[in-house]
Amino acid sequence: MTLKKLMETLAEKLELTDVALTEDGSAQILFDGVHEVEIHAHDERPGFGLSASVGPMPEDDEERAEACLYLLEGNLLGDATNGAALSLDPERGEIVLCRSINQVEISYEAFEAELAGFLAALRAWKGEDAAGETGVGAAADTTDLPDGAAAQAAMVRV
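**Student:** How should I be thinking about the packing of aromatic side chains in this particular structure?
**Tutor:** Describing an aromatic ring pair means giving the distance of the ring centres and the angle of the ring planes. Evaluation of the coordinates by the stated rule reveals 3 aromatic pairs. Here Tyr-70 and Trp-125 contribute two aromatic rings whose centre-to-centre distance is 5.3 Å and whose plane-to-plane angle is 65°, an arrangement assigned as edge-to-face. Here Trp-125 lies in helix H3 (residues 108-125) and Tyr-70 lies in helix H2 (residues 61-75), a separation of 55 residues in the sequence. With relative accessibility at 2%, the residue Trp-125 sits in the buried group. Plain terms: the ring middles of Tyr-108 and Phe-111 are 6.0 Å apart, the flat faces sit at 50° to each other, and that makes the pair tilted.

**Student:** Looking at this model, I keep getting lost on H2. Mind explaining?
**Tutor:** One turn of an α-helix holds 3.6 residues; hence residues three or four places apart share an orientation. With 15 residues, H2 extends 21 Å between its outermost C-alpha atoms, agreeing within 8% with the 21 Å of an ideal straight helix rising 1.5 Å per residue. By the burial criterion, the buried members of H2 are Ala-67, Leu-71 and Gly-74. Buried residues of H2 fall within an arc of 55° about the axis and therefore sit on the same side. Of the exposed residues in H2, those oriented more than 90 degrees away from the buried face are Asp-61, Glu-62, Leu-69, Leu-72 and Glu-73. On the buried face of H2, the contacting elements are strand E4 (85-89), strand E5 (94-101) and H3. Capping the start of H2 is the job of one residue whose side-chain oxygen sits 3.2 Å from the backbone nitrogen of Glu-62: Asp-60. In the stretch just after H2, Leu-77 is the one whose phi turns positive, near 60°.

**Student:** Would you take a moment to explain the pairing of E5 for this structure?
**Tutor:** Both faces of the sheet carry side chains from a regular strand, because those side chains alternate between them. With 8 bridges connecting them, strand E3 (residues 48-56) and E5 associate as antiparallel partners. Each bridged residue has a counterpart across the sheet, and for Gly-49 the counterpart in E5 is Ser-100. The pairing of E4 with E5 spans 5 bridges and is antiparallel. Counted as the bridge partner of Leu-86 is Leu-97 from E5. The antiparallel pairing of E4 with E5 creates a hairpin that spans 4 residues between the two strands, and Gly-93 there sits at a positive phi of about 65°.

**Student:** What is the right way to read unusual backbone geometry from this model?
**Tutor:** With the exception of glycine, most residues fall at negative phi, and the peptide bonds are largely trans. For Glu-15, which is not glycine, the phi torsion reads 55° and is therefore positive. Mapping Glu-15 onto the fold places it in the loop between helix H1 (3-13) and strand E1 (27-31). Here the phi dihedral of Leu-77 falls at roughly 60°; this positive angle occurs in a residue that is not glycine. Topologically, Leu-77 is positioned in the loop between H2 and E4. In this structure Leu-77 comes out as exposed when scored by relative accessible area, which is 73%.

**Student:** Whenever I open this one, the sheet that holds E3 confuses me. Can you help?
**Tutor:** In a beta sheet, neighbouring strands are held together by backbone hydrogen bonds and run either parallel or antiparallel to one another. The strand order across the open sheet formed by 5 strands is E1-E2-E3-E5-E4, and the pairing between neighbours is antiparallel. In the strand order of this sheet, the two ends are held by E1 and E4, each with one partner. Between one strand axis and the next, the sheet turns by 30° as a mean value, whatever way the strands run. Bridge count for strand E2 (residues 35-41) against E3 is 4 bridges, and the pairing is antiparallel. For Ile-39, the partnering residue across the bridge sits in E3 and is Leu-50. With respect to the sheet, H3 is in contact with E1, E2, E3, E4 and E5, its orientation differing from that of E3 by roughly 10°.

Rules of the game
Residues numbered from 1 in each chain as written. Predicted model: local features only at pLDDT ≥ 70, side-chain atom pairs only at ≥ 80, totals over all residues. Heavy atoms only, no water. Phe/Tyr/Trp six-rings, centres within 6.5 Å; stacked < 30°, edge-to-face > 60°. Helix = DSSP H or I, 4+ residues; strand = E, 2+ residues; numbered from the N terminus. Buried < 20%, exposed > 50% of the residue type's maximum accessible area, 1.4 Å probe, protein only. Expected span 1.5 Å × (residues − 1). Arc of directions from axis to C-beta. Contact = heavy atoms within 4.5 Å. Polar contact = N/O pair within 3.5 Å; in protein donor to acceptor, adjacent residues only side chain to side chain. Pairing = 2+ DSSP bridges. Axes fitted to C-alpha atoms, helices over the stretch in contact; angles between N-to-C directions.

Pasting the structure below:
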């Protein structure tokens, strides 16, 4: 399926009426009213990417260094990110979670599973699951991140 067809199917399935798709099918979708995820086609290779802001990078040098170490640990083998990567967007001064799906053909079910896993990691890194705690990594106990069917079942919270 093309990215445009995948996005049209997602919009239909989630009953989204205001998704503005570009010609190649790229779009930004707001999940849970707070998680804005950009889904975009790769320019020079097959597949597509997912990206979202986790939060601002600390301004204090010491806090920034600690955050960078924390993010590097989170990236180790992709276990704490469901295969995504944590990075710094220097232009926006934000910590970003991104995932590249380099498949020429992908079924809608596989696309939804990838998106669900990405959202589960995003929620964890944004601190959504911590009781009363918020902020980057506040709830990043990612040892039990759902994948596959469990992640898909948790995803549909637009």
